[in-house]
Amino acid sequence: MTTQPASSQSRRTFRQRLDQFGIGLAGLCAVHCVATIILVSGLGIGGHFLLSHEIHEVGLLLAVIVAAVTIGWGAYRHRRLVPMATATIGLCFMAGALLVGHGSEEAILTIIGVGLVSVGHFLNFRSAH
């Protein structure tokens, strides 16, 4: 059995951690969407903070950066474009959610988007092995 050099092993571990971070970030975004709907419409609290447009812009920016670095790096290494295409479509849904008003349309677009970005990270993670 051959072992990989330490630098290659640490790079793979770093890429795996970035993919895991991307999946976690997408999950937090989905939780934010659901919590916002429940708290604002059901209880009438947190609207000024949870519905802030800046939260969505920063979330999208973080998602784009993490996906570009992690999935782009992965695609360069493993030469599979499906993870990148899946994540890109998801990011487009997330960007589209910024263009509609707050409400169910925004939540649906965002949840579809973060789901696809998560799948892209998962596929990238699996392709690295």
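Residues numbered from 1 in each chain as written. Predicted model: local features only at pLDDT ≥ 70, side-chain atom pairs only at ≥ 80, totals over all residues. Heavy atoms only, no water.

Participant: Explain unusual backbone geometry to me, and be specific about the residues and the numbers.
Facilitator: Even without a glycine there, the phi angle at R79 is positive, about 65°. With respect to the helices and strands, the residue R79 is situated in the loop between α3 (53–78) and α4 (82–99). (Helix = DSSP H or I, 4+ residues; strand = E, 2+ residues; numbered from the N terminus.)

Participant: Account for the layout of surface pockets, with residues named and values stated.
Facilitator: By volume, the largest pocket is sized at about 340 Å³. As for the largest pocket, its lining consists of 21 residues, and the residues nearest its centre are L25, C29, I55, G59 and L60. Among the elements of the structure, α1 (6–43), α3, α4 and α5 (104–127) are those that each provide at least two residues to the lining of the largest pocket. By residue class, the composition of the lining of the largest pocket is 15 nonpolar, five polar and one charged. (1 Å grid on protein atoms, 1.4 Å probe; cavity = no way out; pocket = protein on both sides within 12 Å on 5 of 7 lines; lining within 4 Å. Points joined across faces, edges and corners; volume = space filled by probe spheres on them. Nonpolar A, V, L, I, M, F, W, Y, C, P; charged D, E, K, R; others polar.)

Participant: Describe a nonpolar patch on the surface, and please don't skip the residues or the numbers.
Facilitator: Together, L61, I65 and V69 make up a nonpolar patch on the protein surface, roughly 260 Å² of accessible area in all. On the secondary structure map, V69 appears in helix α3. (Patch = residues over 30% accessible without salt bridge, like charges linked within 9 Å, V, L, I, M, F, W, Y side chains within 5 Å. Areas by Shrake-Rupley, 256 points an atom, 1.4 Å probe, with all protein chains shown as cover. Salt bridge = Lys/Arg side-chain N within 4 Å of Asp/Glu carboxyl O.)

Participant: Break down the packing of α4 against α5 for me, citing the residues and quoting the values.
Facilitator: Interhelical geometry of α4 versus α5 gives an angle of 160° and a closest axis separation of 7 Å. Taken together, the axes of α4 and α5 lie roughly antiparallel to each other. You can see that α4 and α5 cross each other, and the crossing is left-handed. Across the contact of α4 with α5, the residue classes break down as 15 nonpolar, eight polar and one charged. (Axes fitted to C-alpha atoms, helices over the stretch in contact; angles between N-to-C directions. Parallel < 35°, antiparallel > 145°, perpendicular 65-115°, else oblique. Left-handed = near helix turned anticlockwise from the far one by under 90°.)

Participant: So what about the nonpolar core? Which residues, and what values?
Facilitator: Grouped together as the largest cluster of nonpolar side chains are eleven residues: A26, C29, L60, A63, A67, I71, A87, L91, M94, V114 and V117. Residue assignment for this core shows that the elements contributing at least two residues are α1, α3, α4 and α5. Per-element tally for this core: the top contributor is α3, with four residues. Leaving out residues up to four positions away in the same chain, A87 has contacts with I71, L116, V117 and G120. (Core = buried A, V, L, I, M, F, W, Y, C linked by side-chain atoms within 4.5 Å. Buried < 20%, exposed > 50% of the residue type's maximum accessible area, 1.4 Å probe, protein only. Contact = heavy atoms within 4.5 Å.)

Participant: Describe α4, naming the residues involved and giving the relevant values.
Facilitator: Each full turn of the α-helix corresponds to 3.6 residues, which orients residues three or four apart in the same direction. Here α4 spans 26 Å end to end across 18 residues, near enough to the 26 Å set by a 1.5 Å rise per residue. Along α4, the residues that are buried comprise P83, T86, A87, G90, L91, M94, G96 and A97. (Expected span 1.5 Å × (residues − 1).)

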